[in-house]
Amino acid sequence: MIATFTHLTSSRRGLCEKFADDTITVGRAANNTLCFGDNERRVSSHHAQITRHSETFLLRDLGSTNGTMLNGRRIIISELNADDLIEFGAGGPLMRFGLEQIAAANDNLGNAQNQTGNTGDVPQPGKESFAAFMRHFFKQRKTNTRLTTAIVVSMILGAVFGIWLSSNMTPIDGERFTAVAKLNSPAVVFIQTEFELVDGDGNITTIESRTGSGFIVSESGLIVTNRHLIRDWEYNQPPAGVTGRTKSISVIFQGQKRSEAIPATIANLSSDASLDLVILKIVPPPNMPTIYGIEPNLSHIGQGDEVATIGYPLGMQLLTDDRIDTSLATGFVSRVGQDAIQLDLHAHHGNSGGPVLNLKGEVIGVVTSNLANAQNITFCIPIGMAYEMIKISPPAPVRNS
């Protein structure tokens, strides 16, 4: 069996690459079997590996930065089947995996060439074997006719099913979180803040910075994020007599450089630190993206619902160049509460303030925290709470304190 990879996106769209290797490595580095090159920044240098075990192919993620998605779900290791869709990095190149049988006729031709030394004609049978030769000829012809008929019928049935599927399934459901990411990633921003700790005499004792995520909810430039990104000293208590004040808030859009950061101000702060939310305000640039939609109704969220979060985990630590790019992580809802939604989803500190999205592409919550001893348990604040703050936010942004 030969493994085939058909490019479905980028400048290579339509190109089919074939490999007979038992191990196929995938990545940007030139020493990979399947090499994407340096232009595909969502692909890690050594991103994934496909290993053949008899007639089975296994796909393994090699600890890539942006993950490996199989049919819209992030995987570590999984068996591959024909027509599976593989995405190397969230929003990265998308490929269709296939299996191709090595034609028996080609093998027979090669064997005949090796035996006779003739690279042109296949040897003709003698008189004593003529009847056997003809029986084989007509048997092979009958087999090929049946195979051709089966292929044609399969193509017709596949086309009919495809038409039915496309008319009964929305693009969001069909493409799962691949489509969700494309709809929402441009509206998820990288946030960096600086704050000062000041003693009782007004002297600055420390200047620190924090990074996180946020998402744009209106064309007027309103951004939802966590309060603890802006006022860290309220959550990590400084020494007695020391207080904090925000020095600066910067916002960077996906795909932009750090030098393109724009300033933000506080538009509305939650009533107290127990509600970890803040609404920021920026001067909206031209064609500013916003999130696809929100789902504030908790009755529409249930245990087992599949969800994803988009953000900037670990801040600058995961960035391989000066450009800012999002990461996507998937999981599901574990418990729905009035004040918090519990998720089975692995989030890191840079995900704080990022959106939690359902399969429709709607925001259901704001990532706020996880458990240090069980990092797959993540909590988000229901988006309805942030929505209430947006509705009552003052018409003009207040200055940072």
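Rules and cut-offs
- Residues numbered from 1 in each chain as written.
- Predicted model: local features only at pLDDT ≥ 70, side-chain atom pairs only at ≥ 80, totals over all residues.
- Heavy atoms only, no water.
- Helix = DSSP H or I, 4+ residues; strand = E, 2+ residues; numbered from the N terminus.
- Contact = heavy atoms within 4.5 Å.
- Areas by Shrake-Rupley, 256 points an atom, 1.4 Å probe, with all protein chains shown as cover.
- Core = buried A, V, L, I, M, F, W, Y, C linked by side-chain atoms within 4.5 Å.
- Buried < 20%, exposed > 50% of the residue type's maximum accessible area, 1.4 Å probe, protein only.
- Pairing = 2+ DSSP bridges.
- Salt bridge = Lys/Arg side-chain N within 4 Å of Asp/Glu carboxyl O.
- Lys, Arg positive; Asp, Glu negative; His and termini not counted.
- Polar contact = N/O pair within 3.5 Å; in protein donor to acceptor, adjacent residues only side chain to side chain.
- pLDDT = per-residue confidence, 0-100.
- Phe/Tyr/Trp six-rings, centres within 6.5 Å; stacked < 30°, edge-to-face > 60°.

Peer 1: Which residues make up the overall build of the protein, and what values do they have?
Peer 2: Assigned secondary structure in the protein consists of 6 helices and 25 strands. Sequence separation of 24 or more characterises 58% of the internal contacts of the protein that already satisfy a separation of 6 or more. With an accessible surface of roughly 21000 Å², the protein has 53% of that area assigned to carbon and sulfur atoms.

Peer 1: Please give an account of the nonpolar core that cites residues and values.
Peer 2: Burial of nonpolar side chains together is a common tendency in soluble globular proteins. Phe 215, Val 224, Leu 277 and Ile 279 are the most contacted members of the largest nonpolar core, which has 29 residues in total. Taken together, the elements giving at least two residues each to this core come down to α4 (177-184), β12 (188-198), β14 (222-225), β20 (306-311), β24 (362-371) and α6 (383-392). Sort the elements by how many residues they give to this core and α6 lands first, with 4 residues. Leu 277 has contacts with Val 224, Thr 225, Arg 227, Leu 269, Ser 270, Val 366, Ile 381, Met 385, Ala 386 and Met 389, leaving out every residue within four places of it along the chain. If you look at the next biggest cluster of nonpolar residues, it comprises 19 residues, including Phe 5, Phe 57, Leu 80 and Ile 86.

Peer 1: So what's going on with the sheet that holds strand β3 (residues 23-27)? Which residues, and what values?
Peer 2: Read across the sheet, 5 strands follow the order β4-β3-β5-β6-β9 without closing on themselves; strand pairing throughout is mixed. Each edge of the sheet is formed by a strand with only one pairing partner; in this case those strands are β4 (34-35) and β9 (77-80). Looking at chain direction, β3 and β4 are connected through 2 bridges and run parallel. Along β4, the bridge assignment pairs Val 26 with Leu 34.

Peer 1: Quick rundown of the pairing of strand β5 (residues 48-53)? Include the residues and the values.
Peer 2: Pairing between β3 and β5: 4 bridges, direction antiparallel. Each residue of the ladder has a partner; that of Thr 25, found in β5, is Gln 49. Linking β5 back to strand β6 (residues 56-61) in an antiparallel pair, the connection comprises 2 residues, with Ser 54 at a positive phi of about 60°.

Peer 1: Mind laying out the pattern of salt bridges, listing which residues take part and the relevant values?
Peer 2: Side-chain pairs of opposite charge can arise where the charged atoms are in close proximity. Taken as a whole and assessed by the stated rule, the structure comprises 10 salt bridges. A salt bridge links Glu 100 to Lys 18; the shortest N-O distance between them is 3.1 Å. Placement of Glu 100 in strand β11 (residues 94-100) and of Lys 18 in strand β2 (residues 16-19) is noted, with a sequence separation of 82 residues between them. With its nearest N and O atoms 3.8 Å apart, the salt bridge here joins Asp 325 to Arg 42. Placement of the pair is Asp 325 in the loop between β20 and β21 (327-336) and Arg 42 in the loop between β4 and β5, with a sequence separation of 283 residues. A single burial state applies to Asp 325 and to Arg 42, both of which are buried. Members of the salt-bridge network, linked through shared partners, are Glu 208, Arg 210 and Asp 232.

Peer 1: Which residues make up the environment of Arg 96, and what values do they have?
Peer 2: By the secondary structure assignment, Arg 96 is in strand β11. According to the relative accessible area criterion, Arg 96 is partly exposed, its value standing at 34%. Residues Arg 96 and Thr 6, 90 residues apart in the sequence, show an inter-C-alpha distance of 5.1 Å. For Arg 96, the contacting residues outside a window of four places in its chain are Thr 4, Phe 5, Thr 6, Leu 8, Asp 83, Asp 84 and Leu 85.

Peer 1: So, the environment of Pro 382: which residues are in play, and what are the values?
Peer 2: By the element assignment, Pro 382 lies in strand β25 (residues 374-382). Taking relative accessible area as the criterion, Pro 382 reaches 4% and is therefore assigned buried. Each C-alpha atom, one on Pro 382 and one on Val 363, is 8.9 Å from the other, the two residues being 19 residues apart in sequence. If we ignore the near neighbours within four places in the chain, the residues touching Pro 382 are Leu 298, Gly 337, Gln 338, Asp 339, Ala 340, Ile 341, Ile 364 and Gly 365.

Peer 1: Could you give an account of the pairing of strand β10 (residues 85-88), naming the residues involved and the relevant values?
Peer 2: Regular strands show a simple pattern: their side chains alternate between the two faces of the sheet. Sheet topology note: the strand β7 (residues 68-70)/β10 ladder contains 3 bridges and is antiparallel. Looking across to β10, one finds that Thr 68 is bridged to Phe 88. As paired elements, β10 and β11 share 3 bridges and run antiparallel to each other. Note that in β11 the partner of Ile 86 across the bridge is Met 95. Where β10 hands over to β11, the hairpin turn is made up of 5 residues, of which Gly 89 adopts a positive phi near 90°.

Peer 1: Now, about the side chain of Asp 276: what can you tell me, with residues and values included?
Peer 2: Mapped onto the elements of the fold, Asp 276 is located in the loop between β17 (265-269) and β18 (278-281). No salt bridge is formed by the buried Asp 276, whose closest oppositely charged neighbour, Arg 227, lies at an N-O distance of 6.3 Å. A distance of 3.5 Å separates polar atoms of two side chains, one belonging to Asp 276 and the other to Tyr 235. Within polar-contact distance, the side chain of Asp 276 engages the side chain of Thr 368 at 2.9 Å.

Peer 1: Talk me through the confidence of the model for the protein; I want residue IDs and the actual numbers.
Peer 2: The share of residues in the protein with pLDDT of 70 or more is 76%, and the mean pLDDT across the chain is 80. Averaged pLDDT values over the elements of the protein bottom out at 41 in helix α3 (residues 171-175) and peak at 97 in β14. In the predicted structure, residues 393-401 sits below a pLDDT of 50 and forms 20 contacts with residues beyond four places in sequence or in another chain.

Peer 1: Break down the packing of aromatic side chains for me, citing the residues and quoting the values.
Peer 2: This model, assessed by the stated rule, comprises 6 aromatic pairs. Ring centres of Phe 5 and Phe 97 lie 5.5 Å apart, and the angle between their planes is 65°; this geometry places the pair in the edge-to-face category. Separated by 92 residues along the polypeptide, Phe 5 in strand β1 (residues 2-7) and Phe 97 in strand β11 bring together distant segments of the chain. Counting every residue linked through ring pairs, the aromatic cluster contains Phe 5, Phe 19, Phe 57 and Phe 97.

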